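Structure assessment
Now for the letters of each chain:
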Amino acid sequence: MSNNSLCFVPGKGEPPHLPLGRFLPPLPEGMAEEWLSRLAHPGDWILDPFGASPWLALEAARAGFRVLFCTRNPIIASMVEVLSQAPEEGEWKAALASLGAARTADERLERHLLRLYRTLCPSCGAEIPARGYVWSRGASQPAMRILSCPHCGMEGEFPLEAHDLQALRLPGSDALARARAIARVAEPHDTHYEAVHAALEMFLPRPLYALTTLINKTEGLTISESRRRLLYALLISACDAASALWHHPGGLARPRQLSMPAQFREHNLWQVMEEAISTWMQAQTPVAFARYPHLPPENGGICLYTDSIRTLLPLPGSLTPRTVLTVFPRPNQAFWTLSALWSGWLWGREAAQSLHAALARKRFDWNWHTSALYHVLSPLCRSLPEETPVAGLLTETVPGFLAAVISAMSASGFMLQGWALQDESEAGHMLWKRGQPLSERSLFKPETLFVEGIEACMAARAEPISYLMAYTAGIARATQSGVLFPEGKPPPSDAITALQNQFSKAISQPHTFKRYAGSAQDEERSLWYLATPPEDLPLPLADRVEQTIVRTLLQHPGISRFDLENLLFQEFPGEQTPSSEWIGAVLESYGEEIADARGHWQLSPAEQPRNRRADLNEIFHMLTELGTRLGFRVSGDNPLIWTPREYGAVYLFYLLASSMVSRYALATPAAPARQSVMVFPGSRARLLRLKLKRDPRLAEAMRGWHLLKFRHVRNLYERSGLTLQEWENLLDADPPFFEQAEQIRLL
């Protein structure tokens, strides 16, 4: 069995809706604060060497920690500064009003820009600004206009009219606007000039004209620097909205490549800036902010360092961190390239210099990413005091990303202490320490250790696992045994490719692991389990989590979802971490959210043990009487057995108040599946369906079983004159999963 005891750290809410949120790691609210409460004390220095998540720094500073936040991206740096100050709504509106009052083409800038989107309401005929337009890639004009009429309330998408096409005629030259946009970022002799030119293809003429006009007018305003800073923040939102990387429908997709969608949305940029104010106000409490070498006070704040942490090493004694807490960055060509463009547009060519390498590079594979991480982490490891904990958070985790992080950390000299993974939400947590290398390294080959790690994970969960979970368990075991990469040497240029090939061989051993492919065509989308599971395994993880949640609701009525998850993650650490989806499904099946205490749960009245025992007794007696009426000899307890007096099928009824069918379905069958009946409350139907979807081994074992809800037992019991033929015809007449054809169609 595994000794991985790291507890997954829950968040207290969904990730906040931040500016540029579609490019940022989706870090749940409260997660950073909870991590630090376990690793450090308020007033301690916390280091974030990658600066991928502004929210991490804000949350840590609010909790009283001093955060050294390192980023070379001017856009992220600007975000952190503005969000840390938490300006009030009046300040935002005053800043935008000063820009809207600027003159252009003999009219106010606000009116000038809104006229670019003018259209007529198809209902009341009023002239209004369109909220946006729907385009098809390669088209010369929009396909639809998106309207929300303030006069009559008409909303929706409507075909273009002749007057809409006139609005496409811009007052300026598109070629001139593009030339100026390129010149703000690169000169013709620069190596990244062509990359800038190519990236500009993501911007249609109208939004590019509106954007350059907004930036030019902002530069010309005579206003305070604090107000100008707010306008630049709103312009960052406008820059994001101006690109064509907005799938329609579903504009909140997370783009990673500069690839124009087949259908996309063009936004009304003035309205975008108006609506962006609420997004920039997510951080409601200001925190102390300073730019290095200035430092925040001892009671917490952010110190922004606008360069790689490598250039600050060795760290000054006054900045020695108690803990390193970071969200590992994923490569994102779209965001890095656009950040270079936006930085140049807003602050000039010099501001974009730190991102020139991203502009020049066309391919960001996992081998490259491993090397990039290593060149930051290796010098950092050498400069940290021994035993310094490094908490690394991974979001949108995939095998290549995970391998890049583990390989770079291991090769840099960090020792993996533990890991936890919620594979369904693709969230991973890892704890490392800067410490002494292993005195003895395992003599086994990586493939052998991969197998050991996978087997231990499967045995601990006692149910099929995803490829990502297996991959994490195998790579982690090899890492902790010290066989992947020797400390101090950069990983080979093909490190991740070789690692993935080795792992694929390990998990493809048919005598060791069984693959449940389902509808998946590749191994990464399949579920995997032990080919020959030992008999002494515990209940499947899903059953144990279900038991624990019910017990906790009984013992702690009114418990918050956050506190419940904390208890669960402590009881089921590491590779046993239950998914949020399963926790939520169990809560909805057994519990109810307290009306006046949102996020707090209690057991539903019907689920109280006394009531469920009464239900089980009632159903038992009904089935006993029904069997007698139909001419069977009735015996047994659980299972309750109907035996025909002369000939015919024997029925075995398994009664339960939970969805924990594995104790019966996975045992040696006492009768053919067609004669086995699982009897359970209807409130478990969704839970059971999800369990069978998550566990194809269980689904296979239950193929052909009859699934009978308490409600249907009562209906059959009350049916007068029920015959054996009618019983057989009606047994599956109330399918628990709402399919009307086969009872377990989903299997």
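These numbers come from a predicted model, not from an experiment. (Residues numbered from 1 in each chain as written. Predicted model: local features only at pLDDT ≥ 70, side-chain atom pairs only at ≥ 80, totals over all residues. Heavy atoms only, no water.)

The residue Glu-81 is located in helix H3 (residues 74-85) in this model. Given a relative accessible area of 11%, Glu-81 falls into the buried group. Side-chain polar atoms of Glu-81 contact the side chain of Arg-291, separated by 2.9 Å. Contacts of Glu-81, omitting those with residues within four sequence positions, involve Arg-229, Phe-289 and Arg-291. (Helix = DSSP H or I, 4+ residues; strand = E, 2+ residues; numbered from the N terminus. Buried < 20%, exposed > 50% of the residue type's maximum accessible area, 1.4 Å probe, protein only. Polar contact = N/O pair within 3.5 Å; in protein donor to acceptor, adjacent residues only side chain to side chain. Contact = heavy atoms within 4.5 Å.)

Further remarks concern the side chain of Gln-271. Structurally, the position occupied by Gln-271 is in helix H11 (residues 269-280). Classification of Gln-271 by relative accessible area gives buried; the value is 13%. Excluding its chain neighbours within four sequence positions, the residues that come into contact with Gln-271 are Leu-114, Pro-129, Ala-130 and Arg-131.

Reading across from one edge, E17-E19-E18 is the order of the three strands in this open sheet, with antiparallel pairing throughout. Looking along the sheet, the strands with just one partner apiece sit at the ends: strand E17 (465-466) and strand E18 (513-516). Across four bridges, E18 lies against strand E19 (residues 527-530) in antiparallel orientation. Bridge pairing in E19 links Arg-515 to Trp-528. (Pairing = 2+ DSSP bridges.)

On to the pairing of strand E14 (residues 389-394). Successive side chains on a regular strand alternate, one facing one side of the sheet and the next facing the other. The element E14 is extensively covered by neighbouring structure, given that six of its six residues are classed as buried. In E14, alternate side chains face the same way, and those of Pro-389, Ala-391 and Leu-393 on one face and Val-390, Gly-392 and Leu-394 on the other are all buried. One ladder, built from four bridges, connects strand E13 (residues 323-327) with E14; its direction is parallel. Within the sheet, the bridge partner assigned to Thr-326 lies in E14 and is Gly-392. The sheet contact formed by E14 and strand E16 (residues 427-434) spans six bridges and is antiparallel. The residue of E16 that forms the bridge with Gly-392 is Met-430.

What follows is about the sheet that holds strand E25 (residues 651-655). Pairing in this open sheet of five strands is mixed, and the strands run E23-E24-E25-E26-E27 from one edge to the other. Here the strands that pair on one side only, and so sit at the sheet edges, are strand E23 (632-636) and strand E27 (706-709). Geometrically, the sheet is characterised by an average inter-axis angle of 25° between neighbouring strands, direction not taken into account. One ladder, built from five bridges, connects E23 with strand E24 (residues 640-644); its direction is antiparallel. Counterpart to Gly-636 in the pairing with E24 is Leu-640. (Axes fitted to C-alpha atoms, helices over the stretch in contact; angles between N-to-C directions.)

Below, the discussion takes up the packing of helix H19 (residues 541-555) against helix H21 (residues 580-590). Put simply, H19 and H21 touch, their axes get as near as 10 Å, and they point 50° apart. The angle between H19 and H21 places the two elements in the oblique class. Considering only the axes of H19 and H21, their crossing is right-handed. Where H19 abuts H21, its residues Ala-542, Val-545, Glu-546, Ile-549, Val-550 and Leu-553 lie against Trp-582, Ile-583, Val-586, Leu-587 and Tyr-590. Looking at the contact of H19 with H21 residue by residue, the class counts come to ten nonpolar, no polar and one charged. (Parallel < 35°, antiparallel > 145°, perpendicular 65-115°, else oblique. Left-handed = near helix turned anticlockwise from the far one by under 90°. Nonpolar A, V, L, I, M, F, W, Y, C, P; charged D, E, K, R; others polar.)

This part is about H11. In this model, H11 (twelve residues) spans 16 Å end to end at C-alpha, consistent with the 16 Å of a helix rising 1.5 Å per residue. Burial in H11 covers these residues: Leu-269, Trp-270, Gln-271, Val-272, Met-273, Ala-276, Ile-277, Thr-279 and Trp-280. One side-chain oxygen at the N-terminal end of H11 lies 3.2 Å from the backbone nitrogen of Trp-270; it belongs to Asn-268. (Expected span 1.5 Å × (residues − 1).)

Our next topic: the confidence of the model for the chain. Mean pLDDT over the chain: 93, with 96% of residues reaching 70 or higher. Contacts of residues 739-747 to residues separated by more than four positions or lying in other chains number 22 contacts, the stretch itself having pLDDT below 50. (pLDDT = per-residue confidence, 0-100.)

So, on to helix H16 (residues 446-461). Over its 16 residues, H16 runs 23 Å from end to end, which matches the ideal 22 Å to within 8%, given 1.5 Å per residue. Taking burial as the measure, the 16 residues of H16 include twelve buried ones, the bulk of the element. Looking only at H16, the buried set comprises Pro-446, Leu-449, Phe-450, Val-451, Gly-453, Ile-454, Ala-456, Cys-457, Met-458, Ala-459, Ala-460 and Arg-461. Contacts from the buried residues of H16 go to E17, helix H17 (467-480), helix H18 (495-507), E18, E19 and H19. One or two steps after H16, the chain reaches Ala-462, where phi turns positive at roughly 55°.

Moving on: the environment of Pro-735. Turning to its location among the elements, Pro-735 is positioned in the segment after helix H27 (724-730). On the basis of relative accessibility, which here comes to 9%, the residue Pro-735 falls in the buried class. Residues Pro-735 and His-712 lie 23 residues apart in sequence; the distance between their C-alpha atoms is 9.3 Å.

Relative to the elements of secondary structure, Ala-372 occurs in helix H14 (residues 366-383). Taking relative accessible area as the criterion, Ala-372 reaches 30% and is therefore assigned partly exposed. The spacing of Ala-372 and Ala-404 is 32 residues in sequence and 9.5 Å in space, taken between C-alpha atoms.

This part takes up the nonpolar core. By size, the foremost hydrophobic cluster in this structure holds 132 residues, and its most contacted members are Phe-203, Trp-280, Trp-342 and Trp-345. In terms of residue count, the dominant contributor to this core is helix H10 (residues 225-242) (eleven residues). Once you skip the residues sitting within four places of it in the chain, Phe-203 turns out to touch Arg-178, Leu-208, Cys-239, Ala-242, Ser-243, Leu-338, Leu-341, Trp-342 and Trp-345. Cys-70, Leu-394, Ile-475 and Phe-485 belong to the second largest nonpolar core, which has 68 residues in total. (Core = buried A, V, L, I, M, F, W, Y, C linked by side-chain atoms within 4.5 Å.)

Where E17 lies against E19, two bridges are found, and the strand directions are antiparallel. For Ile-465, the partnering residue across the bridge sits in E19 and is Trp-528.

What follows deals with the packing of helix H1 (residues 31-39) against helix H2 (residues 54-62). For the pair H1 and H2, interaxial distance at closest approach is 8 Å and the crossing angle is 55°. As judged from the angle between their axes, H1 and H2 are oblique. The interaxial crossing formed by H1 with H2 has right-handed handedness. For the pair H1 and H2, contact is made by Met-31, Ala-32, Glu-33 and Leu-36 and by Leu-56, Glu-59 and Ala-60, respectively. Residues of the contact of H1 with H2, tallied by class, amount to five nonpolar, no polar and two charged.

What follows concerns the pattern of salt bridges. Counted according to the given criterion, the structure contains 39 salt bridges. Where Glu-387 meets Lys-433, a salt bridge forms, and the shortest distance between an N and an O atom there is 3.6 Å. Here Glu-387 is found in the loop between H14 and E14, whereas its partner Lys-433 is found in strand E16, with 46 residues between them in sequence. Of the charged contacts in the structure, one is a salt bridge between Asp-543 and Lys-691, with a shortest N-O distance of 2.5 Å. Of the two residues, Asp-543 is situated in helix H19 and Lys-691 in helix H24 (residues 685-694); the sequence distance between them amounts to 148 residues. Using a relative accessible area of 3% as the deciding quantity, one classes Lys-691 as buried. (Salt bridge = Lys/Arg side-chain N within 4 Å of Asp/Glu carboxyl O.)

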